[in-house]
Amino acid sequence: MSKQVIVITGASSGFGALTARALAKAGHTVYAGIRETKGRNAGQVAAAAAFAEENGVDLRTVELDVASDASVEAGIAAVIAEQGRIDTIIHNAGHMSFGPAEAFTPEQFAELYDINVLSTQRVNRAVLPHMRKQGKGLVVWVSSSSTRGGTPPYLSPYFAAKAAMDSLAVSYASELTRWGIETAIIVPGAFTKGTNHFAHSGSPADKARAAEYDDGPYAGVPDQALKGLASLEPADADAASVAAAIADVVDMPFGTRPFRTHIDPAEDGAEIVNGVADRVRAELFRRIGLEDLLTPHAKA
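Just so we're clear, the structure is a prediction, and the values are computed from it rather than from any experiment.

Moving on, we come to the overall build of the protein. Along the backbone of the protein there are nine helices and seven strands. The globule rule puts the C-alpha radius of gyration for 300 residues at 19 Å, and the 19 Å found for the protein is close to it. With the C-alpha coordinates of the protein rotated into their principal frame, the extents come out at 65 × 50 × 40 Å. For the protein, the proportion of its 300 residues judged to be buried stands at 47%. Pairs at least 24 residues apart make up 77% of the contacts formed inside the protein by residues separated by at least 6 positions. In the form shown here, the protein has an accessible surface area of approximately 13,800 Å², with 54% of it arising from carbon and sulfur atoms.

The topology assignment puts Leu138 in strand S5 (residues 137–142). Spatially, the C-alpha atom of Leu138 lies 12 Å from that of Arg85, the residues being 53 residues apart in sequence. Excluding residues within four positions of it along the chain, Leu138 makes contact with Asp87, Thr88, Ile89, Met131, Ile181, Glu182, Thr183, Ala184, Val250 and Arg257.

Let us now look at the nonpolar core. Leu59 and Ile90 are the most contacted members of the largest nonpolar core, which has 31 residues in total. Listing elements by their share of this core, those giving two or more residues are strand S1 (5–8), helix H1 (14–25), strand S2 (29–34), helix H2 (42–55), S5, strand S6 (181–188) and helix H8 (240–250). Counting residues per element, this core draws most heavily on H8, which supplies six residues. Each residue touching Leu59, except ones within four places of it in the same chain, is listed here: Ala20, Arg21, Ala24, Val30, Ala32, Ala48, Phe51 and Ala52. One finds Val7, Val62, Val139 and Ile181 within the second-largest nonpolar core, a separate group that totals 30 residues.

Here we take up the pattern of salt bridges. In this structure the tally under the stated criterion is 14 salt bridges. One salt bridge connects Arg260 with Asp166, and the closest N-O pair in it is separated by 2.9 Å. Of this pair, Arg260 sits in strand S7 (residues 260–263) while Asp166 sits in helix H5 (residues 156–176), placing them 94 residues apart in sequence. Of the two residues examined, Arg260 and Asp166, each falls in the buried class. Connected through shared salt-bridge partners, Arg148, Asp166, Arg260 and Asp278 make up one network.

A few words on unusual backbone geometry. Here Glu36, not a glycine, exhibits a phi torsion of approximately 50 degrees, which is positive. On the secondary structure map, Glu36 appears in the loop between S2 and H2. Even without being a glycine, Tyr154 presents a positive backbone phi close to 80 degrees. Tracing the sequence through the fold places Tyr154 in the loop between S5 and H5. According to the relative accessible area criterion, Tyr154 is buried, its value standing at 8%.

The subject of this paragraph is helix H3 (residues 69–83). Counting along an α-helix, one turn takes 3.6 residues, and residues three or four places apart therefore face a common direction. With 15 residues, H3 extends 21 Å between its outermost C-alpha atoms, agreeing within 8% with the 21 Å of an ideal straight helix rising 1.5 Å per residue. Of all the positions in H3, only Ser71, Val72, Gly75, Ile76, Val79 and Ile80 are classed as buried. All buried residues of H3 project into a common sector of 160 degrees when viewed along the axis, lining one side. With respect to the buried face of H3, the exposed residues turned more than 90 degrees away are Ala70, Glu73 and Ala81. The inward-facing, buried residues of H3 contact S1, S2, strand S3 (59–63) and helix H4 (106–134). Positive backbone phi, at 85 degrees, marks Gly84, one or two positions downstream of H3.

The final tally for this structure, using the stated rule, is five aromatic pairs. Summarising the aromatic geometry, the rings of Phe98 and Tyr154 are spaced 5.9 Å apart at their centres and angled 55 degrees between planes, so their arrangement reads as tilted. With Phe98 in the loop between strand S4 (88–91) and H4 and Tyr154 in the loop between S5 and H5, the pair connects residues that are 56 residues apart, well separated along the chain. Relative accessible area serves as the criterion here: at 15%, Phe98 is assigned to the buried category. Arranged with centres 5.9 Å apart and planes meeting at 35 degrees, the rings of Trp141 and Tyr172 form a pair that is tilted. Taken as a pair, Trp141 in strand S5 and Tyr172 in helix H5 lie far apart in primary sequence, 31 residues in all. Judged by relative accessible area, Tyr172 falls into the buried class, the value being 13%.

Thresholds applied
Counting starts from 1 at the beginning of each chain's written sequence and moves along it residue by residue. Local features in a predicted model are, by the rule used here, given only for residues with pLDDT of at least 70; side-chain atom pairs are given and counted only at 80 or more, and totals for whole chains, interfaces and linings are based on all residues. In computing side-chain properties, one takes all heavy atoms of the structure into account and sets aside hydrogens as well as water. The numbering of helices and of strands both runs from the N terminus, where a helix is a DSSP run of H or I of at least 4 residues and a strand a run of E of at least 2. The quantity called the radius of gyration is restricted to C-alpha atoms. Its globule counterpart is 2.2 Å times the number of residues to the power 0.38. Exposure categories follow from relative accessible area, calculated using a 1.4 Å probe and restricted to protein chains: below 20% of the type maximum is buried, above 50% is exposed, and the middle band is partly exposed. By the convention used here, residues are in contact when the closest approach between their heavy atoms is within 4.5 Å. Here the open area of atoms and residues is found with the Shrake-Rupley method and a 1.4 Å probe, where only the protein chains shown may cover a residue. Here the nonpolar core consists of buried residues drawn from Ala, Val, Leu, Ile, Met, Phe, Trp, Tyr and Cys, with membership extended through side-chain atoms lying within 4.5 Å. We define a salt bridge as a contact between a side-chain nitrogen of Lys or Arg and a carboxyl oxygen of Asp or Glu at a distance within 4 Å. Under the convention used throughout, the expected extent of a helix is 1.5 Å for every residue step, that is, one less than its residue count. Read the arc as the range of directions from the helix axis to the C-beta atoms. Each Phe, Tyr or Trp ring (for Trp, its six-membered ring) is paired with any other whose centre lies within 6.5 Å, and the angle between the two planes then decides the class: stacked below 30 degrees, edge-to-face above 60, tilted in between.

Shown next as structure tokens:
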């Protein structure tokens, strides 16, 4: 395993913070992308620094607000100025909302798309020119089993955004292989413990519209949906297993990494459906004479 320079977005808590620490302990130089590092997330910056010192690892933080072009460009430029390169970028930043789809305003949907989808485009446009010049790199996308697995009600803005992000990851993958850039899509299931995903989820802005659902034939559905999800999660399910899986994928030799890695204790069916979809994709590429785009090309 060679030491890599890694940037991970949305690393103040949850999968992001766990992954940053796992990768640092694996011997890499890791930049945890965090927004408002001198404001509300100053505590997370201090915690990362303390972890680095206590464990003797190279874990750093960088101001990175994925909703801001200027912040992303400045953050990526700062890492490259310090290290001279970025070997791996991990798209982890995301946000969840919970409530009936109709009660969310179009502006709320747009905000969720911005955080979960457009953020990856901002980061890619800042990072990929450098990776293409290097002739080698790894792009890791933290997707969700909801994109093709069981999708309980009341999570539509998040599900739609993650599906769009997953689709973007698949499209990017074949456009980067000839540059020597590899793609790995990580597919976590619904971990209801160990992250702030559910605890910090947004709610519909149109409260009156939401009340029509809650006080009507859908009364009790929100509680049932959340309780049902939690009941499917084994008692020993650990969000840290997602971080461990990402670290394992990053440490694999170039050209050997799996296109998708599922970490889904509830086994909601996403792995089966994704398997079919990815085979269909591969077969189409073979049929149109572009099979070489399915695997990364090492720089000569």
